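# Structure at a glance
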Amino acid sequence: KKHLASVRLKKPMHRRRSHGFRGAAWLFLALAAAVLDVFNVFDAPAFTNAVRTQIASLASNVGVDLKSRLGLRFNDADKDSALAAQLFDVDDYDGLPRRFDRDILLDFFSSRPAEIAWRWSEILQELWPTWDNWHREESLPPEQRSRGAMLRTALSRLGPVFVKIGQTLSERPDLIGDEAAEELKLLQQENEPFSTELAFATILEDLNHTGPLVPGGMTLKGDPAGPPLFASITEQPVAAASLGQVYKATTLDGQTVAVKVQRPGSLKQVALDWTCWALGLMVLDVYWGGQGDEYPKIADEVAQGVFKELDYHNEAYNAELFLKKHRFLPFVTAPQWLPEYTGPKGTARVLTLEWIHGRKLQEIESEEERMKMVDMAVEACVSSLVFTGFVHADPHAGNLILTEDGRLAFLDFGLMGTVEPHIMEGFAAGIQHLLAERWLLLAKVMQDVGFMAVGDEGGFKKVVDPTARIFEYTSCPDEEFAAALEKQMKAEEGGLSRFGALAGALTKLSYHYHMVMPGYIILFIRTFLTLEGIAGVVRPDFNIYEASLPYAMQRALSPKTKAAVAALRQNFVTETGSPQWETLDALVSQAEAEGAEASDNTNTAAHATSGAEANSASSSSSSSSSSSSS
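Remember, it's a predicted structure, so these values are computed and weren't measured experimentally.

All right, on to unusual backbone geometry then. Phi is positive for Asn208, close to 55°, though the residue is something other than glycine. Position of Asn208 among the secondary structure elements: in the loop between helix H12 (196–206) and strand E1 (232–233).

So this is what it looks like as structure tokens:
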């Protein structure tokens, strides 16, 4: 134990290396159990119990109490006491950067195989019964199945990384199937809160305050009669999620604020769980013949996002940048942050923001106000996707507030997405092509933005045998994929108005053509589906593409890339630099014709309405004429 303590002080990144071989052996067996378990080779629960017994024995030999060291479960009844004991101790995990780095994490855990294996035993304990039940209920009618709820419960119990991976996989039915994807869409991020006493201690410690939290309240160090930090603070959190919880407080100068406190052990949990995912997927990739690269990408994307959410200064910066980039939308706002009530940069566990007074969508009774809020949300989110390129990654109803002065406030900027100019231009072009039913051009745009793979001989990649365990591909002409896209889109209900229909069509096509899923595509899908869901509640006939068209046109007329500038110039300017008057005249004529048609339709409707009113009320002809004229 003395030797271990000395190694820990001198080289914290390399402790317990003398036990690495035995730990690595049990780690390998634990990972093998995961794979063998998936294919029903043997009784995994009995094996995982044996693994945990061996790990505990190994840990006791080196003086490590893994149950108190790891503290992996967020919802265990005895968790708070273990976390409180760890709160102010210097832990090895504190040396990890609050940003995602594969190499650093894998190197860090290379000397901690026992901790990885122990966590894997917990993962297997949750997921094996879920996997087994999923297959046993395959023959049951959908209304009699409980496997979806069991899957969601298992992922929730395993913590935030698993919850967020599940939420991301819910947008990938091509990988996990329609039923699992639909079930995972119901996965919630709400968690049981940790103790308020521990949260208050975290606030005082992180802000280095020597007086009481509030007058007569908790004092961590210093004088209990000294100046308080806040005038008041709620006794219980007003919201709790997987990575933290929020309290409503009042500063000494009377400002109402939201105090966000990070859940103790979050950095440890996220780092350890990602490593478990990464190692497990490495093993599965061997079985899949090197074609399982989509899953590690998803795991890495989720890890990057969660690490960003742990950086509270990054969240504050994102809120400021979002407001700056969307200042042309006067109805958009976001809470300002208070640096003096926020922890130190790089390690902050407390973030304080101004309290936004307003109502969420479900709290609004007026249909007019609900419509207004949805219209503002759609306009703000679509403009960010195709115009500003700085996207709120989770614009669900809980993160949107209609303020008392009628503006739209966005909340929770922990995870944001950035879209490159050529991708935005591709999105904008794709919206126009879809509305105009230009399928070949739409197919090429999907390839340009990196969504569809290019065949070895050009064109698109087509799956030779969709039933094979390892896919082989052949090239197919552009026209073949465009025809398949058109057929599938027209077969979907709402194929030209709902983004969900596009997602469904692409899922079916993914069984026959090679699709790629960059991180920004998942962001794009999640944002549009969320918007469509919010708008559909208020306006059932909502068309996401028509709502997006004005910003798509604005992007097309203000290109940023050389290719888009050249395309715009080719459409409107001759090689000598003169305007293409024929093109401009055709656009004006088309606009006039559409305006005249709309006017005729309006007049016809007005005449029909006035006639009906005249017959119904037996009014005078002059009244009818006046009504018709108006």
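Using the criterion set out here, one finds 16 salt bridges in the structure. Between Glu138 and Arg147 there is a salt bridge, and its shortest N-O distance comes to 2.9 Å. Looking at Glu138, the relative accessible area reads 45%, which means it is partly exposed. In this structure, the salt-bridge partner of Asp405 is Arg407, at a minimum N-O distance of 3.1 Å. A residue is classified by how much of its surface remains accessible, and Arg407, at 32% relative accessible area, is partly exposed. Each of Arg119, Glu122 and Asp273 takes part in a single network of salt bridges with overlapping partners.

One finds Phe410, Phe451, Phe481 and Leu485 to be the most contacted residues of the largest nonpolar core, which totals 70 residues. Broken down by element, this core gets its largest block of residues, 10 residues, from helix H16 (residues 367–388). Excluding its chain neighbours within four sequence positions, the residues that come into contact with Leu485 are Trp439, Leu442, Ala443, Met446, Leu506 and Leu509. Phe100, Leu151, Leu267 and Leu310 belong to the second largest nonpolar core, which has 39 residues in total.

With respect to the secondary-structure elements, His313 resides in helix H15 (residues 312–325). Residue contacts for His313: discarding those within four places in its chain leaves Trp337, Thr342, Gly343, Pro344, Lys345, Gly346 and Ala348.

A word on the sheet that holds strand E5 (residues 332–333). Ordered by their spatial adjacency, four strands build an open sheet running E5-E10-E9-E7, and the pairing between neighbours is mixed. If you trace the sheet from one side to the other, it starts and ends with E5 and strand E7 (358–359), each paired once. The pairing of strand E9 (residues 400–403) with strand E10 (residues 408–410) spans three bridges and is classified as antiparallel. For Leu402, the partnering residue across the bridge sits in E10 and is Leu408. Strands E5, E7, E9 and E10 of the sheet are contacted by H16, whose axis makes an angle of about 125° with E9.

Parameters and conventions
Residues numbered from 1 in each chain as written. Predicted model: local features only at pLDDT ≥ 70, side-chain atom pairs only at ≥ 80, totals over all residues. Heavy atoms only, no water. Helix = DSSP H or I, 4+ residues; strand = E, 2+ residues; numbered from the N terminus. Salt bridge = Lys/Arg side-chain N within 4 Å of Asp/Glu carboxyl O. Buried < 20%, exposed > 50% of the residue type's maximum accessible area, 1.4 Å probe, protein only. Core = buried A, V, L, I, M, F, W, Y, C linked by side-chain atoms within 4.5 Å. Contact = heavy atoms within 4.5 Å. Pairing = 2+ DSSP bridges. Axes fitted to C-alpha atoms, helices over the stretch in contact; angles between N-to-C directions.

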